[in-house]
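Geometric and topological summary
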Amino acid sequence: MEKTLASRLGGAARLARTRLNLTQADVAERIGIASEVYGRLERGHMLPSIQTFRRLCVVLSISADEALGLKPTQDVKWAAEPPSEYGESGELRRLLRRAKQLDRSAIRLLSVLAAQFRPKGNG
C-alpha cells in the first residue's frame, strides 16, 4: 500500500510541476529539501513528512486530495494557473539559485555586469 501511495503522490507531483513549468530543483528549493530527495519523491521511492507534503501542495497549487489520488485532476480548476509570486522564467530562477551560492564580491561583480545589460533610459 505504501509503495502505491508513494507512486501516486510522485506522479501527481510530477504532473503538477510540469503544468507549472517548474524544474525539480525549483520545487525542491521552494519546499526546503534537496533536489535529489525531491527526485526520489517524484519517482515514488519515498513519502514526504506531513510538513513537506503541505508545502509541496502549496507550491504545486494542488489539493491534498489530488496529490493523494483521491480526486481527478480536472476537478481542481485553480491548479492549472501558477501562483503569481512564482511567475518568473526558468532561466531567471536558475540564475537566482546560482546567485544565492555566490560570495559577496562575486555578487557585486554580477550586479555590475547585469547593469551593463539594462536597457538604456532605465537609470
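Predicted, not measured: the structure shown is a model, and the values here were computed from it. (Residues numbered from 1 in each chain as written. Predicted model: local features only at pLDDT ≥ 70, side-chain atom pairs only at ≥ 80, totals over all residues. Heavy atoms only, no water.)

Under the definition given, this model contains 6 salt bridges. Between Arg97 and Asp26 there is a salt bridge, with the nearest N and O atoms lying 2.6 Å from each other. Here Asp26 lies in helix α2 (residues 24–31) and Arg97 lies in helix α6 (residues 90–99), a separation of 71 residues in the sequence. A relative accessible area of 18% places Arg97 in the buried class. Exposure remark for Asp26: the relative accessible area of 2% places this residue in the buried category. When salt bridges that share partners are traced, they join Asp26, Glu29, Arg97 and Lys100 into one network. (Salt bridge = Lys/Arg side-chain N within 4 Å of Asp/Glu carboxyl O. Helix = DSSP H or I, 4+ residues; strand = E, 2+ residues; numbered from the N terminus. Buried < 20%, exposed > 50% of the residue type's maximum accessible area, 1.4 Å probe, protein only.)

Right, let's get into unusual backbone geometry. Backbone geometry places Asn21, a non-glycine residue, at a positive phi of 60 degrees. Looking at where Asn21 falls in the secondary structure, it is placed in the loop between α1 (2–19) and α2. You can call Asn21 exposed: its relative accessible area is 58%. Positive phi, close to 55 degrees, is recorded for Ser61, a residue that is not glycine. Residue position: Ser61 is located in the loop between α4 (50–60) and α5 (64–67).

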